[in-house]
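# Survey of secondary and tertiary structure
This is what each chain is made of:
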Amino acid sequence: MEKKWIIKEKGDIAVVLRLAKAAGVSEALANLMVQRNITTPEEATSFFEPDLSNLHDPFLMKDMNIAVERISTAIKKNEKILVYGDYDVDGTTAVALMYSFLREQSSSVEYYIPDRYKEGYGVSFQGIDFASQNNCKVLITLDCGIKAVEKVKYARTKGLDVIICDHHYPGDTIPKATAVLDPKQSSCSYPYKELSGCGVGFKLIQAFARIHGIPFSKIANYLDLVAVSIASDIVPLTGENRILAYFGLKQLNEFPRTGLREIIREADVCRALTIEDVVFKLGPRINAAGRMETGSKVVELLVSNDPRVATEISKEINNFNI
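Residues numbered from 1 in each chain as written. Predicted model: local features only at pLDDT ≥ 70, side-chain atom pairs only at ≥ 80, totals over all residues. Heavy atoms only, no water.

In the Ramachandran plot, Asn-78 falls in the positive-phi region, its phi being about 60° despite a non-glycine side chain. Within the element layout of this structure, Asn-78 appears in the loop between helix H4 (64-76) and strand E1 (80-85). Given a relative accessible area of 47%, Asn-78 falls into the partly exposed group. (Helix = DSSP H or I, 4+ residues; strand = E, 2+ residues; numbered from the N terminus. Buried < 20%, exposed > 50% of the residue type's maximum accessible area, 1.4 Å probe, protein only.)

Right, let's get into the sheet that holds E1. Spatial strand order, E2-E1-E3-E4-E5: five strands in an open sheet with parallel pairing. With partners counted over all chains shown, the strands left at the sheet margins are strand E2 (109-112) and strand E5 (179-181), one partner each. Ignoring which end each strand starts from, the neighbouring axes of this sheet average 20° apart. Inspection of the sheet shows strand E4 (residues 161-165) paired to E5 by three bridges, in the parallel sense. Directly across from Ile-164, in E5, lies its bridge partner Val-180. (Pairing = 2+ DSSP bridges. Axes fitted to C-alpha atoms, helices over the stretch in contact; angles between N-to-C directions.)

It is worth spelling out a nonpolar patch on the surface at this point. Residues Leu-29, Leu-32 and Phe-48 make up a contiguous nonpolar surface patch of roughly 260 Å² in combined accessible area. Among the structural elements, Leu-32 can be located in helix H2 (residues 27-35). (Patch = residues over 30% accessible without salt bridge, like charges linked within 9 Å, V, L, I, M, F, W, Y side chains within 5 Å. Areas by Shrake-Rupley, 256 points an atom, 1.4 Å probe, with all protein chains shown as cover. Salt bridge = Lys/Arg side-chain N within 4 Å of Asp/Glu carboxyl O.)

Attention shifts here to the packing of aromatic side chains. Across all of its chains, the model carries nine aromatic pairs by this definition. When the centroid spacing of 5.6 Å and the interplanar angle of 85° are considered together, the rings of Phe-101 and Phe-208 count as edge-to-face. With Phe-101 in helix H5 (residues 89-103) and Phe-208 in helix H8 (residues 197-211), this residue pair connects regions lying 107 residues apart in the sequence. We note that Phe-101, like Phe-208, is buried. Ring-pair connections join several aromatic residues into one group, and the members of that group are Tyr-84, Tyr-112 and Phe-130. In this structure, Lys-151 is placed above the aromatic ring of Phe-125, and the distance from its NZ or CZ to the ring centre is 5.0 Å. (Phe/Tyr/Trp six-rings, centres within 6.5 Å; stacked < 30°, edge-to-face > 60°. Lys NZ or Arg CZ within 6 Å of the ring centre and 35° of its normal.)

Of all hydrophobic cores here, the largest spans 76 residues; its most connected members are Leu-102, Ile-140 and Leu-204. The element contributing the most residues to this core is H5, with nine residues. Not counting the four nearest positions on each side in its chain, Leu-204 is found in contact with Met-64, Ala-67, Val-68, Ile-71, Met-98, Cys-165 and Leu-181. The next biggest cluster of nonpolar side chains, apart from the first, holds 18 residues, and it includes Tyr-112, Ala-131, Ala-148 and Ile-164. (Core = buried A, V, L, I, M, F, W, Y, C linked by side-chain atoms within 4.5 Å. Contact = heavy atoms within 4.5 Å.)

Moving on, we get to the pairing of strand E3 (residues 136-142). The element E3 is largely enclosed, with a buried count of six among its seven residues. Where E3 and E4 come together, five bridges link them in parallel fashion. Considered in E4, the bridge of Val-138 is made with Asp-161. Regarding the hand of the β-α-β motif, the stretch spanning E3, helix H7 (residues 149-157) and E4 is right-handed. (Right-handed = clockwise from strand over helix to strand, strands pointing away.)

This part covers the pattern of salt bridges. For the structure shown, the criterion picks out 15 salt bridges. As a salt-bridge pair, Glu-254 and Lys-250 come within 3.2 Å of each other at their nearest N and O atoms. Here Glu-254 pairs with Lys-250, and both are found in helix H11 (residues 239-254), just four residues apart, close to one helical turn. Residue classification places Glu-254 among the partly exposed residues on the basis of a relative accessible area of 48%. The shortest N-O distance in the salt bridge between Arg-271 and Asp-277 comes to 2.7 Å. In this structure Arg-271 comes out as partly exposed when scored by relative accessible area, which is 48%. For Asp-277, a relative accessible area of 5% gives the class buried. Counted as one network, the salt bridges with shared partners bring together Arg-70, Glu-79 and Asp-161.

Structurally, the position occupied by Glu-119 is in the loop between E2 and helix H6 (125-133). Notably, Glu-119 is buried but unbridged: the nearest opposite-charge side chain belongs to Lys-118, and the N-O separation is 7.8 Å. Within the structure, the side chain of Glu-119 is placed 2.9 Å from the backbone nitrogen of Asp-115, a separation counted as a polar contact. A polar atom in the side chain of Glu-119 sits 2.6 Å from the side chain of Ser-124. (Lys, Arg positive; Asp, Glu negative; His and termini not counted. Polar contact = N/O pair within 3.5 Å; in protein donor to acceptor, adjacent residues only side chain to side chain.)

Relative orientation of the contacting elements H5 and H8 amounts to 15°, with a least axis distance of 8 Å. Considering the angle they form, H5 stands roughly parallel to H8. The way H5 lies across H8 gives a crossing that is right-handed. Where H5 abuts H8, its residues Asp-90, Thr-93, Ala-94, Leu-97, Met-98 and Phe-101 lie against Gly-197, Cys-198, Gly-201, Phe-202, Leu-204, Ile-205 and Phe-208. In the contact of H5 with H8, the residues fall into nine nonpolar, three polar and one charged. (Parallel < 35°, antiparallel > 145°, perpendicular 65-115°, else oblique. Left-handed = near helix turned anticlockwise from the far one by under 90°. Nonpolar A, V, L, I, M, F, W, Y, C, P; charged D, E, K, R; others polar.)

Structure follows, in structure tokens:
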């Protein structure tokens, strides 16, 4: 196959010179930044020095207040919540994040990962039936659901309130769910559109935490999962993703959760992890479980605090990958 190099045009010379002087960098580096739409010293600082204070207000996302209110009501009434996610890395990390967080608020929480071969991608009728048969009242979908118009309609007939957390482009019709969190909706004015599915889930727990007075430091512990999702789903490392990935990678290197620590050990990474390591060493191992057996195995690993259980599952997952 013939390959063709497409050379980016040089940045506006006046903007390049101004940025080079203001930021104290070479013209060559300033040009590279301008080519990537980084044109001010403030934008350069934000790019090279990520800061959690620059995360966007989660309530800027359409339906966020509705989602937080419905989950809060479910917890208050002790209604059962089912956390449902896809079987790939983004889906399983998102489910692990949401399930772990909600379990700290309520004991009436379960999770569900569809079978890749029996149910296929996304929300399934079988999964909805599982929720209904287990007396769930709220179904939270992660990394899927934005095109599940008929499935959401079916869920409503089963008495389920559906909260969709997705990052894919919607179809012509938005499902009539209780709340739809997806920055790619045309009606959503959220400033950053490229979040991963796990990233959207993180914004939901960020919003919930703010309303209920939970310190940000408590939810920052989930950023290792978010970083794995961002890297493995190959979403752009810009804007909010860059901040989340930076601090998540820092956590992966300093104090990863038990399950991720064991996957890192199985991947035989004996130095500081990079984003590339997550993409090519951690991601494939997590994906392998959904391809060879079930993604639920990954969630079990990621939510476990038991080193013996985590070691056993991580070895099994490593064998799937081999």
